[in-house]
Amino acid sequence: MPGGASIVAFEARLADLPPRMVQDPLIGEHSSIIKLRALIERVARTDATVLVTGESGTGKELVAAAIHAASPRRNRQFVAVNCAAIPHDLLESEMFGHQRGAFSGAAMARSGLFMTADNGTIFLDEIGEMPLPLQTKLLRVLEDGMVRAVGSDRGTKVEVRVIAASNSDLLAMVARNAFREDLFYRLNVVPITIPPLRERRSDIPILVNYFLNRIGQREPAAGRVTISEEALVQLWSYDWPGNVRELENLVERLVILCEGNRIESVQLPPNIVVTTRVSDDIAANLDGEGLNLNALVRKLEGRLINQALKQTGGNKQAAARLLGLKRTTFAAKLRRCGVISPVDSDESAN
Ligand SMILES: Nc1ncnc2c1ncn2[C@@H]1O[C@H](COP(=O)(O)OP(=O)(O)OP(=O)(O)O)[C@@H](O)[C@H]1O
Ligand SMILES: [Mg+2]
C-alpha cells in the first residue's frame, strides 16, 4: 500500500502540467539521425505505439517529445512518467489514479497521469522497471483503452498515444520472465533504436557547436565561447558512454570553467584525453590547412583502426570491440580506409 506522505509529495508534483509546446531540436547530420528524423515524421502522423531503445543519454525522451510535437496531438499534454523514479507501490496510482480511501493516505480521489494525457501522449520511460503485476494492468489499458483507478472496479475511457522507452534489453528480460512478452509486442509496434554517439562521431562537432551556441544565447553576457580544433579532435576520439547527455554536460562545464573565450584541449578532463597520441598531430596539421571534416574523420578513423589492430595483435574482432563497433561495421571501415593490418589477410584468425 502506498504511504501517505509520499502520496502528498506526488500530488504536488502533478499540479497542472503545462502542455509541452516548444520542442528542442534533434541535432545531427549523421545518416542514422537523418533516417531517425524521417521516421519520427512518419510515425507522428499515426497513433501507433512506439518503443524507443538506446543507451543512456542517446536522446530517447527527446525523440518521444519530437514525435508528440510533430503529431496532431501537439497541443495536448505530453506526460513523461519515469517508471524507475517512482516507487513501485505508488506507480499504479500515479498512472491510473485512485479512489478516496483506496489505501491509507488516499484522503481524496485523484486521477492519474493517463487521464492527464487524455488526447495527448504518455511517455513511459524505463518501462523495463515496471513491476510485472502493473505490466498486466498496462496491457489491459492498451487493449481496451479503459483506465481503472486503484480501489475502483469501473473503468474510464482514455484516448492516449503511448511511447515507451528502455535502455535495457527488453527481449532479454522477456527471456528470463522479467518482462511480459505480450506487452513487449504490444509496445514494440514501431521500434526506434537510437545509436550511441560513438557510432555517429561525425555529429560530435555539430552537437558541440549547437550546445556552445545555445549557451551563448542563454547567457549573452558571458560572450561567445568557441573550441579549438585540437580539443574537438579529442572529443571526437572519446567513446562517450553517457552519450549526448555526457557531451552536453561537459560542454556546459567547459564553458563555465573557460578562462578565455576558446576551449583548449588542456582544459579537457583526463579521461577524455587518453587518445591524445592518435589525435595530436592531426590537430597540428589543421592550423595551417583549415578543417576538412570528412578528410579528418577518415584520417582519424584510419589511425584509430590501426592502433586498435596493433593493440590486439591484428585480431579484428577484438579491435572492433575496442572501438565499440560491430564486426561488420569494422570490416566495412577497414575496406573503406584501406587499412592493412599485420594479419589482415588471415580471416580465419577472427
Ligand atoms: N540529437 C540531439 N540533439 C540535441 N540534443 C540532444 C540530442 N540527443 C540528446 N540530446 C540532449 O541530451 C540530453 C539527454 O537526452 P534524453 O534525456 O532524451 O536521453 P535519454 O536517452 O532519455 O537518456 P536516459 O536513458 O538517461 O533517460 C537531453 O538534454 C537532450 O536534450
Ligand atoms: Mg530518458
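Preceding block: the structure.
Description of the structure in this document. Fair warning: this is a prediction, and the values are worked out from it, not measured in the lab.

So, empty space enclosed by the protein
Here the structure, examined in full by the defined rule, presents one cavity of 30 Å³ or more. Roughly 40 Å³ of internal volume is contained in the largest cavity. Lining the largest cavity we find L212, I215, G216, E219, A222, G223, R224, V225 and V255. Residue contributions to the lining of the largest cavity peak at three residues, all from helix α9 (residues 203-218). Grouping the amino acids of the lining of the largest cavity by side-chain chemistry returns five nonpolar, two polar and two charged.

Describing the nonpolar core
Formed by 33 residues in total, the largest nonpolar core has its most connected members in F114, I122 and I127. Considering each element in turn, this core owes the most residues, five residues, to helix α6 (residues 132-144). Other than its neighbours up to four places away in sequence, F114 contacts M95, F96, I122, L138, V141, V147, V158, V160 and V162. L197, L235, V251 and L268 belong to the second largest nonpolar core, which has 25 residues in total.

Considerations on the environment of T116
On the secondary structure map, T116 appears in helix α5 (residues 113-116). Assessed through its relative accessible area of 28%, T116 is described here as partly exposed. A C-alpha to C-alpha distance of 9.3 Å links T116 and M95, two positions 21 residues apart in sequence.

Considerations on the site of ligand 1
Contacts to ligand 1 come from 17 residues, most closely from I27, G57, K60, R245 and E248. Between ligand 1 and L62, the relevant distance is 3.0 Å, taken from an oxygen atom to a main-chain nitrogen or oxygen of the residue. In this structure, an oxygen atom belonging to ligand 1 sits 3.4 Å away from a side-chain N or O atom of N167. For ligand 1, whose free accessible area comes to 630 Å², the fraction covered by protein is 87%.

Quick word on the pattern of salt bridges
Evaluated as defined, the whole model comprises twelve salt bridges. A salt bridge links E159 to R73, with the shortest nitrogen-to-oxygen separation between them at 3.0 Å. Of the two residues, E159 sits in the loop between β5 (155-157) and β6 (161-166) while R73 sits in the loop between α3 (60-70) and β2 (78-82), which places them 86 residues apart along the sequence. Salt-bridge contacts for K137 lead to E92; the nearest nitrogen and oxygen are separated by 3.0 Å. Of the two residues, K137 sits in helix α6 while E92 sits in helix α4 (residues 88-96), which places them 45 residues apart along the sequence. Classification of E92 by relative accessible area gives partly exposed; the value is 21%. By sharing partners, the salt bridges in this structure join D47, R73 and E159 into a single network.

Observations regarding α6
The end-to-end C-alpha separation of α6 is 19 Å, in line with the 18 Å expected for 13 residues at 1.5 Å each. Turning to α6, its buried residues number three or more, namely L134, Q135, L138, L139, V141 and L142. The arc that holds the buried residues of α6, viewed along the axis, is 160°, so those residues lie on one side. Of the exposed residues in α6, those oriented more than 90 degrees away from the buried face are P133 and E143. Tucked inside the fold, the buried residues of α6 contact α4, α5, β3 (121-125), β4 (146-148), β6 and α8 (181-187).

Reading the values: the criteria
Residues numbered from 1 in each chain as written. Chains lettered and ligands numbered in written order. Predicted model: local features only at pLDDT ≥ 70, side-chain atom pairs only at ≥ 80, totals over all residues. Heavy atoms only, no water. 1 Å grid on protein atoms, 1.4 Å probe; cavity = no way out; pocket = protein on both sides within 12 Å on 5 of 7 lines; lining within 4 Å. Points joined across faces, edges and corners; volume = space filled by probe spheres on them. Helix = DSSP H or I, 4+ residues; strand = E, 2+ residues; numbered from the N terminus. Nonpolar A, V, L, I, M, F, W, Y, C, P; charged D, E, K, R; others polar. Core = buried A, V, L, I, M, F, W, Y, C linked by side-chain atoms within 4.5 Å. Buried < 20%, exposed > 50% of the residue type's maximum accessible area, 1.4 Å probe, protein only. Contact = heavy atoms within 4.5 Å. Near = heavy atom within 4 Å. Polar contact = N/O pair within 3.5 Å; in protein donor to acceptor, adjacent residues only side chain to side chain. Areas by Shrake-Rupley, 256 points an atom, 1.4 Å probe, with all protein chains shown as cover. Salt bridge = Lys/Arg side-chain N within 4 Å of Asp/Glu carboxyl O. Expected span 1.5 Å × (residues − 1). Arc of directions from axis to C-beta.

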